[in-house]
Amino acid sequence: MKVITAKRDIEIDSSFAEEILERSGENVFLCYQCRKCAAGCPSRMFMDKTVAELMRYVQLGMVDEAMKGNTVWCCLSCQTCSARCPRGIDIAHVVDTIRIIVQEKGIKADTKHTRLLNLVWMQMLRYMGRMYEIGMIGILNVLTGRPFNDMKLGIRMMRKGKIKLVPTIKKPFETMKMFSRAKRLRK
Ligand code: SF4
Ligand code: SF4
């Protein structure tokens, strides 16, 4: 694809953006970098690049930059970005698609803990149907060798009723069925 600027024409490789379009139906070239998505992202502080930057990397065919950072692993799939995008791009779906491609290609994330976070997060959703914060923090702390990390903060949050000691599990088999169905559809 040729990009015309004031000074010269630049050739960019749009094959990555085309692959994302084919797999997700989302056209990243609609993005005009207003950054509304990044402004509302609850995981932004943990990401080494924002979702708006991720969209730009994909537009410019900067595949390594898009796939090697921790952005796709820190995404919580909360859909805030998709709801805010004035161009109607389902950005969360784009992020999911990049995450799948990264896994298929066996690319290692720069920071192993963010990938671990994603794995624990997904397994918790799969078996419990919703997030169980204390469980997730406990598992992550043990797996990363810091069992007492943020313990004081956790106790304060529990006292204020922000997180619960005992999880609420509703219809656990429903999400397990959804995960199994998604796996079958991918084959
Ligand atoms: S909100 Fe949409 S148009 Fe704006 S930067 Fe994000 S993806 Fe691009
Ligand atoms: S879906 Fe992911 S990238 Fe989008 S706002 Fe939520 S955490 Fe951020």
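Residues numbered from 1 in each chain as written. Chains lettered and ligands numbered in written order. Predicted model: local features only at pLDDT ≥ 70, side-chain atom pairs only at ≥ 80, totals over all residues.

Draft legend 1. Broad picture of the overall build of the protein chain. Secondary structure summary: the protein chain contains 11 helices and 2 strands in total. The principal-axis extents of the C-alpha atoms in the protein chain amount to approximately 60 × 35 × 30 Å. Taking all 187 residues of the protein chain together, 21% fall into the buried category. (Helix = DSSP H or I, 4+ residues; strand = E, 2+ residues; numbered from the N terminus. Buried ≥ 20, exposed ≤ 12 C-beta atoms within 10 Å, placed from the backbone.)

Draft legend 2. Seen up close, the site of ligand 1. Taken together, the neighbourhood of ligand 1 is formed by 15 residues, with Cys-31, Cys-34, Lys-36, Cys-37 and Cys-85 sitting nearest. Contributing elements (two or more residues each) for the shell around ligand 1: helix H2 (36-40) and helix H3 (51-59). Classifying every residue of the shell around ligand 1 by side-chain character gives 10 nonpolar, 1 polar and 4 charged. (Near = placed C-beta within 6 Å. Nonpolar A, V, L, I, M, F, W, Y, C, P; charged D, E, K, R; others polar.)

Draft legend 3. Spatial organisation of the environment of Met-128. For Met-128, the position within the fold is in helix H8 (residues 112-128). Judged by the 17 C-beta atoms lying within 10 Å of it, Met-128 is partly exposed. When near neighbours in sequence (up to four residues on either side) are disregarded, Met-128 contacts Pro-167, Ile-169 and Pro-172. (Contact = placed C-beta atoms within 7 Å.)

Draft legend 4. View of the site of ligand 2. Neighbouring ligand 2 are 15 residues; Cys-41, Cys-75, Cys-78, Cys-81 and Ala-92 lie closest to it. Secondary-structure elements contributing two or more residues to the shell around ligand 2 are helix H6 (80-84) and helix H7 (91-105). Ranked by residue count, the leading element in the shell around ligand 2 is H7, at 3 residues. Of the residues in the shell around ligand 2, the class split is 10 nonpolar, 5 polar and no charged.

Draft legend 5. Highlighting the confidence of the model for the protein chain. Model confidence for the protein chain is summarised by a mean pLDDT of 87, while 93% of its residues fall at 70 or above. No element of the protein chain has a lower mean pLDDT than strand S1 (residues 2-4), at 62, and none a higher one than H3, at 96. (pLDDT = per-residue confidence, 0-100.)

Draft legend 6. Focus on the nonpolar core. One finds Val-28, Cys-37, Val-51, Met-55, Val-58, Ile-91 and Val-95 to be the most contacted residues of the largest nonpolar core, which totals 30 residues. Elements that contribute at least two residues to this core include exactly helix H1 (15-24), H2, H3, helix H4 (63-68), helix H5 (71-74) and H7. Examining the composition of this core, we find that 6 residues originate from one element, H3, more than from any other. For Val-28, the residues in contact, after removing those within four places along its chain, are Ala-17, Ile-20, Met-55, Val-58, Gln-59, Ile-89 and Val-94. (Core = buried A, V, L, I, M, F, W, Y, C linked by C-beta atoms within 7 Å.)

Draft legend 7. The arrangement of the packing of H1 against H7 in detail. For the pair H1 and H7, interaxial distance at closest approach is 10 Å and the crossing angle is 110°. In terms of their interaxial angle, H1 and H7 are classed as roughly perpendicular. On the side of H1, the interface is formed by Ile-20, Arg-23 and Ser-24, while H7 contributes His-93, Val-94, Thr-97 and Ile-98. (Axes fitted to C-alpha atoms, helices over the stretch in contact; angles between N-to-C directions. Parallel < 35°, antiparallel > 145°, perpendicular 65-115°, else oblique.)

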